[in-house]
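Report on the structure
Residues per chain are reported as follows:
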Amino acid sequence: LDYSPLEILLDPHGRDLLFRVTGSQHVMYCWCNLLAQWLFGEFYFAPILINVTLSLLTAKLVASLARACRLPAGYSRGLFLFLIVHWDLVAWSSFVNVKDALAGTLAVLALLCLVRFFSDRRIRDLVGFLVVGQLFWWLRFYVPLVMLAATGAWMLFEWRDARKLLFLPLLLAVGLVVAPWT
């Protein structure tokens, strides 16, 4: 490998190579495969190991999401076990393609950040959502927009807080700024 995962991001020629290899802005897939080969060697199992790790992380994040939604601890544990043996997760973790495992992990992480922000009002959770949203620009750029639209609908119809009238124009503004780039 000519570049490490960090060098390819920092070096202008490395970034150019990354964009040329992928042929689009979705460079995170290629970068994750580079990371896998850098960590574990240029072997067939390297990206699969990353997929399995991401799948386990996704199951853990979904269990954390259940706890953030104030569901019982037993339900959270059962959900974790269900996810780690679910046929779809097991099958997709076994293929070289890292797309779905990475997109799933980031989507659940973004959702967890949003739920925690609205329940605990911590700015770090909102910042976490924004950071994950930026990562989606190089993966699947439309996912944060769908999440923002769903959050806006939830705020409008379900959120029982007068402050929702302050957040709705902000969500609309973000959507109008981001939508032309998608």
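What comes next is a walk through the structure. (Residues numbered from 1 in each chain as written. Predicted model: local features only at pLDDT ≥ 70, side-chain atom pairs only at ≥ 80, totals over all residues. Heavy atoms only, no water.)

So, about the overall build of the protein. Within the protein, the secondary structure is distributed over ten helices and zero strands. Mapped from its N terminus to its C terminus, the protein presents α and β elements in the order α-α-α-α-α-α-α-α-α-α. Burial statistics for the protein: of 182 residues in total, 35% are counted as buried. Across the protein, contacts joining residues at least 24 apart in sequence account for 62% of those joining residues at least 6 apart. Accessible surface, the protein: about 11000 Å² in total, of which carbon and sulfur atoms supply 71%. (Helix = DSSP H or I, 4+ residues; strand = E, 2+ residues; numbered from the N terminus. Buried < 20%, exposed > 50% of the residue type's maximum accessible area, 1.4 Å probe, protein only. Contact = heavy atoms within 4.5 Å. Areas by Shrake-Rupley, 256 points an atom, 1.4 Å probe, with all protein chains shown as cover.)

Time to look at the pattern of salt bridges. Taken as a whole and assessed by the stated rule, the structure comprises three salt bridges. As a salt-bridge pair, Arg122 and Asp120 come within 3.7 Å of each other at their nearest N and O atoms. For Arg122, a relative accessible area of 29% corresponds to the partly exposed category. For Arg122, the salt bridge goes to Asp125, with nearest N and O atoms at 3.0 Å. Overlapping salt bridges bring together Asp120, Arg122 and Asp125 as one network. (Salt bridge = Lys/Arg side-chain N within 4 Å of Asp/Glu carboxyl O.)

Now for the nonpolar core. Counting 27 residues, the largest nonpolar core has Leu102, Leu106, Phe129 and Leu139 as its most contacted members. Here the element with the most residues in this core is helix α7 (residues 99–120); it accounts for nine residues. In this structure, Leu102 is in contact with Met28, Cys32, Leu54 and Leu139, ignoring residues within four places of it in sequence. In terms of nonpolar packing, the next biggest core, distinct from the first, is built from eight residues, Val62, Ala68, Val108 and Leu112 among them. (Core = buried A, V, L, I, M, F, W, Y, C linked by side-chain atoms within 4.5 Å.)

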